[in-house]
Amino acid sequence: MNSKLLQQVRVLDPVSGIDQVADVLITDGVITAVETHIKEISGDTVVQDCQGHILGPGLVDLYSHSGAPGHEQRETWSSLLAAAANGGFTRLAILPDTKPPLDNSAVLAQRQELQNSPYLSLPPCSPQLYHWGAFTIGLEGQQMTELAELALGGVVGFTDEGPLCNLALVRRLLEYLQSLGKPVALWACDPKLANGGVMREGIQSIALGLPGNPAIAESSAIAALLEVVATTGTPVHLMRISTSRAVQLIESAKAAGLPVTASTTWMHLLLNTEDLCSYNSNLRLEPPLGNPVDQAALIRGVREGIIDAIAIDHAPYTYEEKTVAFAEAPPGVIGLELALPLLWHTLVETGDWSALELWKSLSTNPAICLQQDPPSTATGQSAELVLFNPQSPWIVHQKNLKSLSSNTPWLGQELIGRVVQTWCPASEASVKYK
């Protein structure tokens, strides 16, 4: 019997609204007791003093990028899963923009075969890996994939890496997908209005001399998508929300009863255009960081439930790919190992959010958006957990990261807060980090 007692840990459970200090007993991968004090334990139980630590449900990432297959120099499946576990994530959904893209059942079968291969080197605690299927062949937005075959094959849902601009095609997709009962995620952006802009249009873009991407490129696309949703009635998840106007549109849509959920990324909550004065290419994102008013609206939107979830959108790139001029850099940063400590320090430590509000947006709500039962710290549940020390300092160096890539603006900086241990029920194992 494998038994561990976590003494006087702060237990969070957004599902039941519990935030309490308690002892937690985990036996053979199951939470067997959560009590104020647990005194009667077996002789082989490992006891750990967890005062000052946080024990919450495992984090769930709605969408991220994988280097594999096709770009293993950026990230392999093994390094991706290790990075996820190192950051407290127990479920991870991968976007279809690999090489080849996941736009047919043969590619899906190959992925599943590789995922189950005994030769794949997995971390001791391996998060559940899910795959988004592509809407369109080659991710080009012109011809639908065999959606029914992909659904039967086991994709978690459907999305494309880029925005779908053909609204007639979007309408047909939503009508067809309604009967399949899978999550549908859309990124709203009008590329013609964006016009190659690399940062959000405004005073800062003019001052920095960088091409601006206007907020209307996002808000006009969202308004059009919401009209299609109203017509078809198909539930849709809106990805990568980045502007204050988009938050207003989503709030109105939800008030009108439209079946929409939404997410923003962790970077858009932490930073804004004023942080781009360094021209750090690791801050080149898509959609770009918002102006300060956008950032404030996103923080309010997540806290009030207008925006349901925080996505990581982990996008690994090699040093050579990112060490170029800002406007020429590929958009994206890594985030699986950094999001929790930075969000906790910025939003919870400051008193802006409660611990439960942060955990709900990183764990419970992302699972619900994926149409999954959310993880919980309740007695009797499988141990899908993360133990987090919010006061543990560490330096962001390549040697301290499990990801193969280190494209982050925090490289070389000290962060406060680190995951101590992650429990993944699929492997009936946990991994401990230093």
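- An unreviewed UniProt entry lists the protein chain under the name Dihydroorotase, with Moorena producens 3L as the source organism.

## Looking at unusual backbone geometry
- The step from K99 to P100 runs through a cis peptide bond, and the omega angle for that step is 5°.
- For P100, the position within the fold is in the loop between β7 (89-94) and α2 (105-115).
- Of note, the bond from E286 into P287 is cis; its omega dihedral lies within 30 degrees of zero at 0°.
- Looking at the secondary structure, you find P287 in the loop between α9 (266-270) and α10 (292-303).
- Positive phi outside glycine occurs at N195, with the angle close to 55°.
- Inspection of the secondary structure puts N195 in the loop between α5 (191-194) and β11 (199-200).
- In this structure, Y279 takes a positive phi of about 55° despite not being glycine.

## Topic: the packing of helix α8 (residues 244-255) against α10
- The N-to-C vectors of α8 and α10 enclose an angle of 30°; their axes lie 8 Å apart at closest approach. Only V293, D294, A297, L298, R300 and G301 of α10 make contact with α8, whose side of the interface consists of S244, V247 and E251.
- Here the residues of the contact of α8 with α10 sort into four nonpolar, two polar and three charged.

## A word on the side chain of H237
- Mapped onto the fold, H237 is located in strand β13 (residues 236-239).
- Residue classification places H237 among the buried residues on the basis of a relative accessible area of 5%.

## So, the domain arrangement of the protein chain
- What the domain assignment lists for the protein chain is domain 1 (1-51 + 423-428) and domain 2 (57-412).
- Computed from C-alpha atoms alone, the centre-to-centre distance between domain 1 and domain 2 is 31 Å.
- Taken together, the 24 residues of domain 1 in the interface contact 27 residues of domain 2.
- Here domain 1 and domain 2 share an interface that buries about 2,000 Å² over both sides, 70% of which is from carbon and sulfur atoms.
- On the surface where domain 1 and domain 2 come into contact, there are zero salt bridges.

## Details of the pattern of salt bridges
- All told, the structure shown has eleven salt bridges when counted by the stated rule.
- For R240, the salt bridge is made with D313, and the minimal N-O distance between the two is 2.7 Å. On the criterion of sequence distance, the pair formed by R240 in the loop between β13 and α8 and D313 in the loop between β15 (309-311) and α11 (319-322) is long-range, its members being 73 residues apart. As far as the burial class goes, R240 and D313 line up, both buried.
- For E286, the salt bridge identified is with R284, shortest N-O distance 3.5 Å.
- Classification of E286 by relative accessible area gives partly exposed; the value is 23%.
- Taken together, the salt bridges that share partners define one network made up of E161, R240 and D313.

## Considerations on helix α7 (residues 216-232)
- Over its 17 residues, α7 runs 24 Å from end to end, which matches the ideal 24 Å to within 8%, given 1.5 Å per residue.
- Looking only at α7, the buried set comprises A217, E218, S219, A221, I222, L225, L226, V228, V229 and T232.
- Positive backbone phi, at 75°, marks G233, one or two positions downstream of α7.

## With respect to the sheet that holds strand β6 (residues 59-64)
- The four strands lie next to each other as β6-β7-β8-β9, forming an open sheet whose pairing is parallel. Across the chains shown, the open sheet's two edge strands, defined by having one partner strand only, are β6 and β9 (157-159). Neighbour-to-neighbour, the strand axes of the sheet open up by a mean angle of 30°, direction not taken into account.
- Most of the contacts of helix α13 (residues 355-369) go to β6, to which it runs at about 65°, and overall it touches β6 and β7.

## Some details on the sheet that holds β15
- With parallel pairing, the four strands of this open sheet are ordered in space as β10-β13-β14-β15. Edge positions in the sheet fall to β10 (185-187) and β15, since each of these pairs with one other strand and no more. Within the sheet, the average angular offset between the axes of one strand and its neighbour, ignoring direction, is 35°.
- Sheet topology note: the β13/strand β14 (residues 260-265) ladder contains three bridges and is parallel. What sits directly across from H237, in β14, is T261.
- Against the sheet, α13 touches β13, β14 and β15, its axis set at about 90° to β15.

## Here we look at the state of the cysteines
- Here the structure, examined in full by the defined rule, presents one disulfide.
- Each sulfur of the disulfide joining C125 and C424 lies 2.0 Å from the other. Since a negative S-S torsion denotes a left-handed disulfide, the C125-C424 link at about 85° is right-handed. In this pair, C125 is assigned in the loop between α2 and β8 (128-134) and C424 in strand β17 (residues 414-424), connecting sequence segments 299 residues apart. Here the two residues C125 and C424 agree in accessibility, since each one is buried.
- No disulfide involves C165; its nearest neighbouring cysteine sulfur is the one of C189, lying 7.3 Å away.
- Note on C189: relative accessible area 12%, which makes it buried.

Cut-offs and rules
Numbers given for residues are sequential positions, taken from 1 along each chain in its written order. Reporting in this predicted model follows two pLDDT cut-offs: at least 70 for local features of residues, and 80 or more for side-chain atom pairs to be given and counted; totals over whole chains, interfaces and linings ignore these cut-offs and use all residues. Calculation of side-chain values draws on the structure's entire complement of heavy atoms; hydrogens and water are dropped beforehand. Helix numbering and strand numbering both begin at the N terminus, where a helix is a DSSP run of H or I of at least 4 residues and a strand a DSSP run of E of at least 2. Between N-to-C directions, angles cover 0 to 180 degrees, with each direction set by a line fitted to C-alpha atoms, over the stretch in contact for helices. Contact criterion: two residues are considered in contact whenever any of their non-hydrogen atoms come within 4.5 Å of each other. Under the scheme applied, nonpolar residues are Ala, Val, Leu, Ile, Met, Phe, Trp, Tyr, Cys and Pro; charged residues are Asp, Glu, Lys and Arg; polar residues are all the others, including Gly. Only protein chains enter the area calculation, which uses a 1.4 Å probe; residues under 20% of their type maximum are buried, those over 50% are exposed, and those in between are partly exposed. Residue ranges for the domains originate in an automatic or database domain assignment. Note: buried area is the sum, over both parts, of the accessible area (probe 1.4 Å) each one loses when the two are combined. Salt bridges are counted wherever a side-chain nitrogen of Lys or Arg sits within 4 Å of a carboxyl oxygen of Asp or Glu. Multiplying one less than the number of residues by 1.5 Å gives the expected span of a helix. At least two bridges found by DSSP between two strands is the condition for calling them paired. When the sulfur atoms of two cysteines come within 2.5 Å, that pair is taken as a disulfide.

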